[in-house]
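# Architecture at a glance
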Amino acid sequence: MAAIAVLGGVRVALTPRRIPRAEVARDAPALARAGAALQASVLDREGLVGSLAARRILLVGESHFLAEPPARLTELLGELHARDGRPAVLLLELPARVQGALDAYRDGGDGAALAGAWPRGALPYLPIVRWARAHPSAVRAVVASDENEARVALMRALAADTRNGTMAAAIARAAREYPEARVVAYGGMAHTLMAGRYLYDSASRRPVGARLVEAGFSRNEVAAVWLLTGAAPGEGLWPPGAAVSFHGPAGALPLGLVLEVPVAGAERLGEVADFAVHLGAGTRQASN
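Structural notes, computed from the coordinates. Since this is a predicted model, take the numbers as computed values, not measurements. (Residues numbered from 1 in each chain as written. Predicted model: local features only at pLDDT ≥ 70, side-chain atom pairs only at ≥ 80, totals over all residues. Heavy atoms only, no water.)

## Some thoughts on empty space enclosed by the protein
Within this structure, the stated rule accounts for two cavities of 30 Å³ or more. Counted as a void, the largest cavity has a volume near 110 Å³. Surrounding the largest cavity, Leu59, Glu93, Ser145, Met167, Ile171, Ala185, Tyr186, Gly187, Gly188, His191, Thr192 and Val208 form its lining. Breaking the lining of the largest cavity down by element, the ones donating at least two residues are α9 (163–177) and β5 (182–188). The residue inventory of the lining of the largest cavity, partitioned by class, reads six nonpolar, five polar and one charged. The computed volume of the second largest cavity comes to approximately 40 Å³. Listed by contribution, the elements that provide at least two residues to the lining of the second largest cavity are α5 (99–108) and α7 (126–134). Residue composition of the lining of the second largest cavity, grouped by class: five nonpolar, no polar and two charged. (1 Å grid on protein atoms, 1.4 Å probe; cavity = no way out; pocket = protein on both sides within 12 Å on 5 of 7 lines; lining within 4 Å. Points joined across faces, edges and corners; volume = space filled by probe spheres on them. Helix = DSSP H or I, 4+ residues; strand = E, 2+ residues; numbered from the N terminus. Nonpolar A, V, L, I, M, F, W, Y, C, P; charged D, E, K, R; others polar.)

## Thoughts on the packing of α5 against α7
Orientation of α5 relative to α7, taken along the N-to-C sense of each, is 40°, at an axis distance of 9 Å. One element, α5, and the other, α7, form an angle in the oblique class. Relative to α7, α5 is oriented so that their crossing is right-handed. In this structure, α5 uses Leu102, Tyr105, Arg106, Asp107 and Gly108 to contact α7, whose residues at the interface are Val129, Arg130, Ala132 and Arg133. (Axes fitted to C-alpha atoms, helices over the stretch in contact; angles between N-to-C directions. Parallel < 35°, antiparallel > 145°, perpendicular 65-115°, else oblique. Left-handed = near helix turned anticlockwise from the far one by under 90°. Contact = heavy atoms within 4.5 Å.)

## Observations regarding the environment of Pro207
By the element assignment, Pro207 lies in the loop between β6 (197–198) and α10 (208–214). A sequence separation of 18 residues divides Pro207 from Met189, and the C-alpha atoms of the two residues are 9.7 Å apart. Not counting residues within four places of it along the chain, the set of residues in contact with Pro207 comprises Asn164, Ala190, His191, Leu193, Ala195, Gly196 and Tyr198.

## Some remarks on α9
With 15 residues, α9 should reach 21 Å at 1.5 Å per residue; the first-to-last C-alpha distance of 21 Å fits that figure. All of the buried residues along α9 are Arg163, Asn164, Met167, Ala168, Ala170, Ile171, Ala172, Ala174 and Ala175. (Expected span 1.5 Å × (residues − 1). Buried < 20%, exposed > 50% of the residue type's maximum accessible area, 1.4 Å probe, protein only.)

## Overview of the nonpolar core
Core analysis: the biggest nonpolar cluster contains 48 residues, and Leu59, Ile171, Leu212, Trp226, Trp238 and Phe246 have the highest contact counts within it. Of all the elements in the fold, those that place two or more residues in this core are α2 (28–40), β2 (57–62), β3 (88–95), α9, β5, α10, β7 (222–228) and α11 (269–272). A total of seven residues in this core trace back to one element, the largest contributor, which is α9. Look past the residues within four positions of Leu59 in its chain and what remains in contact with it is Ile171, Ala185, Thr192, Met194, Val208, Gly209, Leu212, Val222, Ala223, Ala224 and Val225. Grouped together as the second largest cluster of nonpolar side chains are 40 residues, Leu94, Tyr125, Val129 and Val225 included. (Core = buried A, V, L, I, M, F, W, Y, C linked by side-chain atoms within 4.5 Å.)

Worth remembering: the numbers are spatial, not functional.
Here is the structure:
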């Protein structure tokens, strides 16, 4: 009990300041400007695929436990491969301990063994893994890029999140090991940000995208693309089902108009991401 009390005291002492969510102007003129900026930044499907194909590393962000984002990811992987024939190395937000099961499934196709090894409560990415095995020319390898559950729990107890660093290192390693491939990392949206610190004002909350740039990757090599679900972002102003580029007028819009997670060190959409697609209301999905 004494050890638990000490650990609790350490956590309280170390816990950084929680970032308040920035206020966003929502008066009629501000919303009219936002709607016009979004409309002016719409990309068609071919335009989005072409923009993504030019990048070496894609950070694809989702809201967890929804069916539509993983399905759209596999569509994107297929479309990118059809465009230029370049294979992908796919990194998933899964604990590293499942890597052996992923490799065995890819080599032998034992789906029952893979399902049996799937961590309880893990993200529902089995359909992605199955798609990758069924399309070996499009996906060269699948990598579990997250930390194991015990380490995540320990670091959270110590208020010292190391997951973004672990994921960024896995992406950099994949880029080195597969120089001919497109590196696609898929996971929670906050991890994919290209700048800032999210949720807590701490260096440990520097997202994966920012860390890759710090590690020497050119900003033009990396793109962050969000697969959004739920009510249409921006007070319903987002064009239905549309992809939007943050390299145009929409990039100057405030983060809080789209992003629910509070962020310090960045204020505009174009600072933290490159593209986003709205997939509709979203269908809740349990862990596989």
